[in-house]
Amino acid sequence: MSRFLDERYKELEPYTPGEQPKNLKRLIKLNTNENPYPPAPGVLKIISREEAEGLRLYSDPEAAELAEAIGDFYGIDKSMIMTGNGSDEILAFIFMIFQGKNRRFYFPEISYSFYPVYCDVFGAEAVKVPLASDFSVNPRDYERADGTIVITNPNAPTGMAMSLKDIERILKSNRENLVVIDEAYVDFGAESCVKLLKGYDNLLVVQTFSKSRSLAGARIGFALGHEEVIADLNRIKFSFNPYNLNRLSIKAGVEAMRDREYFEQMTGRIIRTREKFVSEMEKMGFILLPSKANFVFARHESIPGEEYFTKLRKYNIIVRYFGKPRIRDFVRITIGTDNEMEELLTATQEILKEYRQEDPQYEKKENT
Ligand SMILES: *Cc1c(COP(=O)(O)O)cnc(C)c1O
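Residues numbered from 1 in each chain as written. Predicted model: local features only at pLDDT ≥ 70, side-chain atom pairs only at ≥ 80, totals over all residues. Heavy atoms only, no water.

Looking at an unreviewed UniProt entry, one finds the chain named Histidinol-phosphate aminotransferase and attributed to Candidatus Allocopromorpha excrementigallinarum. Under the heading Subunit (unreviewed entry), UniProt records this for the chain: "Homodimer." As stated in UniProt under Sequence similarities (unreviewed entry), the record for the chain gives "Belongs to the class-II pyridoxal-phosphate-dependent aminotransferase family. Histidinol-phosphate aminotransferase subfamily." (UniProt positions renumbered as here; feature names shortened; annotations may be inferred.)

Further remarks concern the overall build of the chain. Along the backbone of the chain there are 12 helices and 12 strands. Over its C-alpha trace the chain gives a radius of gyration of 21 Å, about what one expects of a compact globule, namely 21 Å for 368 residues. Projecting the C-alpha coordinates of the chain onto the three principal axes gives extents of approximately 65 × 55 × 50 Å. Within the span of the chain, comprising 368 residues, buried residues form 52% of the whole. For the chain, contacts bridging at least 24 residues in sequence account for 72% of all contacts bridging at least 6. (Helix = DSSP H or I, 4+ residues; strand = E, 2+ residues; numbered from the N terminus. Rg over C-alpha atoms; globule rule 2.2 N^0.38 Å. Buried < 20%, exposed > 50% of the residue type's maximum accessible area, 1.4 Å probe, protein only. Contact = heavy atoms within 4.5 Å.)

Attention now moves to the side chain of arginine 332. Mapped onto the secondary structure, arginine 332 falls in strand E12 (residues 331-334). Comment: no salt bridge for buried arginine 332; closest opposite-charge side chain is glutamate 34, at 8.3 Å. From its side chain, arginine 332 meets the backbone oxygen of asparagine 31 in a polar contact 2.7 Å long. Those residues in contact with arginine 332, other than ones at most four positions away along the chain, are Leu30, Asn31, Thr32, Asn33, Pro157, Phe295, Val296, Phe297, Val319, Arg320 and Phe322. (Lys, Arg positive; Asp, Glu negative; His and termini not counted. Salt bridge = Lys/Arg side-chain N within 4 Å of Asp/Glu carboxyl O. Polar contact = N/O pair within 3.5 Å; in protein donor to acceptor, adjacent residues only side chain to side chain.)

Here the focus is the nonpolar core. Counting 91 residues, the largest nonpolar core has Leu224, Met281, Tyr308, Ile333 and Leu344 as the members making the most contacts within it. Setting aside chain neighbours within four positions, we find tyrosine 308 in contact with Met281, Phe286, Ile303, Val331, Ile333, Leu344, Thr348 and Ile351. (Core = buried A, V, L, I, M, F, W, Y, C linked by side-chain atoms within 4.5 Å.)

This chain's UniProt record puts "domain: Aminotransferase class I/classII large" (unreviewed entry) on residues 26-346. In this annotation, residues 26-346 is assigned 36% helix and 16% strand; the end-to-end C-alpha distance for the span is 15 Å.

On to the sheet that holds strand E10 (residues 295-300), then. Across the sheet, which stays open at both edges, the three strands sit in the order E9-E10-E12 with antiparallel pairing between neighbours. The open sheet terminates on both sides in strands that have one partner only, identified here as strand E9 (286-288) and E12. On average, each strand axis in the sheet is inclined to that of its neighbour by 40°, with strand direction left out of account. Pairing analysis gives four bridges linking E10 to E12, with the strands arranged antiparallel. Bridging across to E12, phenylalanine 295 finds its partner in threonine 334. (Pairing = 2+ DSSP bridges. Axes fitted to C-alpha atoms, helices over the stretch in contact; angles between N-to-C directions.)

The next thing to look at is the pattern of salt bridges. Throughout the structure, instances matching the rule amount to 20 salt bridges. In this structure, the salt-bridge partner of arginine 8 is aspartate 6, at a minimum N-O distance of 2.7 Å. Judged by relative accessible area, which is 61%, arginine 8 ranks as exposed. When its relative accessible area of 34% is taken as the criterion, aspartate 6 is described as partly exposed. Glutamate 143 is the salt-bridge partner of arginine 144, the closest N and O atoms lying 3.9 Å from each other. When its relative accessible area of 64% is taken as the criterion, arginine 144 is described as exposed. Linked by salt bridges that have partners in common, Arg104, Glu125 and Asp146 make up one network.

Among the secondary structure elements, glutamine 20 is positioned in the segment before strand E1 (28-29). Note on glutamine 20: relative accessible area 45%, which makes it partly exposed. Each C-alpha atom, one on glutamine 20 and one on serine 279, is 29 Å from the other, the two residues being 259 residues apart in sequence. Once residues lying within four places of it in the same chain are set aside, the contact partners of glutamine 20 are Lys29, Thr32 and Glu34. A distance of 3.3 Å separates polar atoms of two side chains, one belonging to glutamine 20 and the other to threonine 32.

A separate point is the pairing of strand E8 (residues 221-225). E8 sits mainly inside the fold: five of its five residues count as buried. The alternating pattern of E8 places Gly221, Ala223 and Gly225 on one face and Phe222 and Leu224 on the opposite face, and all of these are buried. Two strands pair when backbone bridges link them, and strand E2 (residues 81-84) and E8 are joined in this way by four bridges, in the antiparallel orientation. Note that in E8 the partner of threonine 83 across the bridge is phenylalanine 222.

Structural data, given as structure tokens:
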């Protein structure tokens, strides 16, 4: 730490992204919820000499073409759409400018671990609301909060989705609070609350191209909300980094958003792989939370989460382990291709076999 850093950032604990190994050969990467399939075919066409030469020009600060493509997809006006350099940037803006009277954010204790970091960066208080005993988000815990509410739906890393009815309940009892629904994983089987925008001007929906549209490396996110809320977000964006999306990413995003058929095929494929994988894991004695995301959260009665994580690594398979209270026994596994999941299942069988031999207590535990 240099002597120049502001006092207020000296204690800041940054977000830890999942590992991005340099050499992907022979590695099965199921740790950061990326999509195993390439982006829509149209995305390939944007990379040309002409486009490369065009990079001498600034990008469109309004990313109007992209906002239009998003608007067409959801049937909403572009005045209700704001785009960002990944949804992480949009979330940062939200934590910067929508702190409410008490500078306070309510979110589930187990959720996207970036939220508390944003609170620290922007000097807001984080109110961490415990999940119910089955790991679900209970809407009653958010009724009449005195601050901004941020909920990931489906939640991460549990993968569990909330119904629109429950979200509506939160919106109804918080007319004076902004309610942010982070829908990073909504396209893998949950219901989007975009349709609730009609009735609630306190709703702000955040989505990303990183997961369901296979464009994590392009860094594109967007927010959908009421015109004034979107105008506020743009106000801060234009005071911070007006050209936040680069020219190539805007084009890539347009292509990915327009190809609805490809999008539906790929998300459908991942959902089918997930369902098959869940049932195979259950056969081996794993307990999985009900997932509507492109990952599952799994634990086994006999093998500790950290040990399973470490052993998978020896088979060149990376998953994510958090090691936090209440979720120490779990690992989060991204849904990859069918082949990748097969390899993980085979490795898991081997690991369980080894574990049985190493651990004399194993049989006893199995039977309890
Ligand atoms: C992946 C993820 C994001 C960030 O997505 P980017 O658009 O890549 O910045 C936001 N929220 C949650 C819950 C995520 O899992």
